[in-house]
Amino acid sequence: MAFPESKLTIALAGNPNSGKTTLFNQLTGANQHVGNFPGVTVEKKEAALRDNGEFFPRKSAGRIVLVDLPGIYSLSPYSQEEIVARDYLVRERPSAIINVVDVMNIERGLYLSIQLMQLNIPIIIALNMMDELRENHGSADIPRLSAKLGVSVVPISASHKEGIGELLETAVRAAFLQQRPLVQDFCTGAVHRAIHAVAHLIEDHARDIGVMPRFAATKIIEKDDLLLEALDLTAHEKHTIAETIIDMKDETGKDRKAAIADMRYEFIGDAVAESIEKPHMTLHQDRSARIDRLLTSKYLGIPIFFGIMGVIFWLTFSVIGATLSDGLAWVFAAAGEGVGGALSAAGVNPVIQSFVNDAVFAGIGSVISFIPMIIVMFFFMSILEDSGYMARVAFIMDKLLRKLGLSGRSIIPMILGFGCSVPAIMSARTLSSERDRRVTIMLTPFMSCTAKLPIYGVFAAALFASHRGLIILSLYVMGVVVAVVVGVVLNRFIYKGKPVPFIMELPTYRLPNLKTVGILLWHRTKDFLQRAFTVIFVATIVIWFLQSFDVRLNPVDYAGGSMLSLIGDFIAPVFTPLGFGTGICATAIIAGFIAKETVVSSFAVLTGVPSALALQTALPEYFTPLSAYSFLVFCLLYTPCVAAISVVGKELGSAFASFSLILRQTIIAWVAAFIVYRIGLLFL
Ligand code: GDP
Ligand code: MG
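Conventions and cut-offs
- Residues numbered from 1 in each chain as written.
- Chains lettered and ligands numbered in written order.
- Predicted model: local features only at pLDDT ≥ 70, side-chain atom pairs only at ≥ 80, totals over all residues.
- Heavy atoms only, no water.
- Core = buried A, V, L, I, M, F, W, Y, C linked by side-chain atoms within 4.5 Å.
- Buried < 20%, exposed > 50% of the residue type's maximum accessible area, 1.4 Å probe, protein only.
- Contact = heavy atoms within 4.5 Å.
- Axes fitted to C-alpha atoms, helices over the stretch in contact; angles between N-to-C directions.
- Helix = DSSP H or I, 4+ residues; strand = E, 2+ residues; numbered from the N terminus.
- Left-handed = near helix turned anticlockwise from the far one by under 90°.
- Nonpolar A, V, L, I, M, F, W, Y, C, P; charged D, E, K, R; others polar.
- Expected span 1.5 Å × (residues − 1).
- Pairing = 2+ DSSP bridges.
- Near = heavy atom within 4 Å.
- Polar contact = N/O pair within 3.5 Å; in protein donor to acceptor, adjacent residues only side chain to side chain.
- Areas by Shrake-Rupley, 256 points an atom, 1.4 Å probe, with all protein chains shown as cover.
- Parallel < 35°, antiparallel > 145°, perpendicular 65-115°, else oblique.

One broad trend across soluble globular proteins is that nonpolar side chains are buried collectively. Within the largest apolar cluster, 121 residues are counted, with the highest numbers of intra-cluster contacts made by Ile415, Phe459, Phe603, Phe623 and Phe631. Not counting residues up to four positions away in its chain, the partners in contact with Phe631 are Ile455, Phe459, Phe580, Cys585, Ile589, Val599, Phe603 and Phe623. Ala11, Ile142, Leu145 and Val272 belong to the second largest nonpolar core, which has 64 residues in total.

Two elements in contact, helix α25 (residues 583-591) and helix α26 (residues 597-606), have axes whose closest approach is 8 Å; the angle formed by their N-to-C orientations is 145°. The chirality of how α25 crosses α26 is right-handed. Seen from α25, the contacting residues are Ile584, Cys585, Thr587, Ala588 and Ala591; seen from α26, they are Thr598, Val599, Ser602, Phe603 and Leu606. Split into classes, the residues belonging to the contact of α25 with α26 amount to 7 nonpolar, 3 polar and no charged.

On to helix α11 (residues 235-252), then. Relative to the 26 Å expected for 18 residues at 1.5 Å per residue, α11 spans 26 Å between its end C-alpha atoms, a close match to the ideal helical length. Buried positions along α11 lie against α8 (189-208), α9 (213-221) and α12 (256-275). Two residues or fewer past α11, Gly253 is found with a positive phi of approximately 75°.

Attention shifts here to the sheet that holds strand β7 (residues 152-155). Sheet architecture is open: 6 strands sit in the order β2-β3-β1-β4-β5-β7, paired in mixed fashion. Bordering the open sheet on either side are β2 (45-48) and β7, each of which pairs with just one other strand. Across this sheet, the average inter-strand angle for adjacent strands is 25°, counted without regard to direction. Along the sheet face, helix α6 (residues 142-149) touches β5 (123-128) and β7 and points at about 150° away from the line of β7.

Attention now goes to the side chain of Ser113. By the secondary structure assignment, Ser113 is in helix α4 (residues 106-117). Taking the relative accessible area as the measure of exposure, Ser113 reaches 0% and is therefore buried. With sequence-adjacent residues up to four places away left out, Ser113 is seen in contact with Asn99, Val101, Ile123 and Ile125.

Contacts to ligand 1 come from 20 residues, most closely from Asn17, Lys20, Thr21, Thr22 and Asp131. Contact distances for ligand 1 include 3.1 Å between a nitrogen atom and a side-chain N or O atom of Ser159. Between ligand 1 and Asp386, the relevant distance is 3.3 Å, taken from an oxygen atom to a side-chain nitrogen or oxygen of the residue. Out of a free accessible area of 590 Å², ligand 1 has 96% covered by protein chains. Going through the elements one at a time, α1 (20-28) and α5 (130-135) are the ones with two or more residues in the shell around ligand 1. A per-element tally of the shell around ligand 1 places α1 first, with 3 residues. Residues of the shell around ligand 1, tallied by class, amount to 4 nonpolar, 11 polar and 5 charged.

Quick look at α1 now. Most of α1 sits inside the fold, with 9 of its 9 residues counted as buried. The inward-facing, buried residues of α1 contact β1 (8-14), β2, β3 (64-68), β4 (96-102), α7 (164-177) and α23 (514-548). Gly29 occupies a position one or two residues after α1 and carries a positive phi of about 75°.

Describing two packed helices takes the angle between their axes plus the distance from one axis to the other. Relative orientation of the contacting elements α8 and α11 amounts to 170°, with a least axis distance of 9 Å. Here α8 is positioned roughly antiparallel relative to α11, judged by the angle of their axes. Contact residues: α8 offers Ala190, Val191, Arg193, Ala194, Ala197, Val198, Leu201, Ile202 and His205, while α11 offers Glu237, Thr240, Ile241, Thr244, Met248, Glu251 and Thr252. Looking at the contact of α8 with α11, its residues break down into 9 nonpolar, 4 polar and 3 charged.

In structure tokens form, the structure reads like this:
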């Protein structure tokens, strides 16, 4: 087969949770986020085919581009990420579509397939999760299904790498030869007549805007008014269409949307009955149902959820994560001491010595030693995501969240917020109502992200050694409580209205895939290290510089003379009522705006300690337990980091949103820390 010079783009489209991203990762070697709940992919992602020769001749691989799309149920989109997928397919028209269909939910998958076929783009159905069908003693007659649908069907198992080579070959051939789906009549009777009548009527208008007439006709009958406008029909034509629809309604006795949906399901029902032998209740579903009887039970569901989160926090903060982090901190301290000793023995310039000791080892080291704790946290998060439990959490929390004017789906961005706010805020796109989305985005930054862990970790170890885990847990809980209060206020006064009803499929439970989890952790680690050596490093150097020199750029030898102390002392009084009105705290808080970890690295630089361990012994000189706790509360709640702020601005579509976020959270943080400190003073 001669290969075209131009690029072929192959789009992966299908229902949420059908395995598109898993397939995309296999084909391209990318490491996109996979999770067992709907709404993991919210943006389209592109990558070239992997060129390791595994699935395709190496030299041509670079010319094939794959596009991973957010999941959709139909081409009539409801939420933002569905619009992304629809617009891409309809407007940009990829060279071919690989339509991923989960064989365990085949009817729902084919409901989309037969709409995709009408786009008149070459299409191949990848019948995924064949491993699960086999395990449950079902079977599929592929040639028969393929004949009935009029498109190629390739059975695969994306996560087990089965059938991928054949799928790719079929897809590339179809893209290359531009093999369109055989035109199929899915319809019968009255609906059939209506679609054909409208299709003929609008044929020229549809071709003018580059849409297939039958597709356009079906959409119009389904009441897609945007498309109707775009077609620019005459009043007379519109009238005829309206009449046709009324006739169809009268004949079928159903409303227009139901008539079309029923027609599609009837066709699909026949196709599936002929070709797929399904196990009655699959082992997986059976197991899932049994697990759900416990995990989503009316009385135990919520306590179990809190229990699970509690265990995760406990293991992270006081058992596994803390132990590993302490070990790493010790290694850093020893290394720093060794290097520092060597430098001073060699008589290196004291400014350089100070740079290496204070900025590099103490500053960066104090942050990096928390990597194990952060990784452990992300490990548990990815287990939650990949097992299918996340969707259940949304389900069981729905009632409770509804009282705050949110729907259960909002809990997913919030839980992801315990990891990092940036992807969490983006995942709010899956919320189908704009109001729910806005409120959720505003509440997500109150969840303690992992970047705040180093702050909590250092302070808890320094001042609350015996109750370390408890102190950290209390901060996480406080973040949630404040989010609840803010949510109630927003709901009462600003975003009045009702959350949309809860609709979310509960996927079957799966054992988390080790590779998926591994990839995720590797990414988080890389991400964190990258940040440590770029943003955090630079911020630390700036702090070190401002601390080490005066305004005339002379090295300072007494603490009061540096540029930094000028700035810090100027702002410090703002924090005096909260119990930590010192220049050091003010500076660290400002640095934390860049990234939360820099609060810790700044402390290490500012107190002039050689390592994170030494910082733990130094902090009690600067704080009482109460003022330390007040400081932690402030750090928990005040403005999120630059990255999160800019995502909020982008998602809400205005710079004002970013600005008001900074202001709102800083005020809330100040008030909360004030209350904590003042109440504390009464008792201590
Ligand atoms: P997407 O929402 O369509 O992008 O789906 P994902 O790629 O995120 O996968 C959803 C879930 O299905 C994940 O838990 C995957 O591990 C799982 N999965 C994907 N492909 C297969 C497969 O072939 N067999 C099985 N058993 N699970 C799969
Ligand atoms: Mg995906």
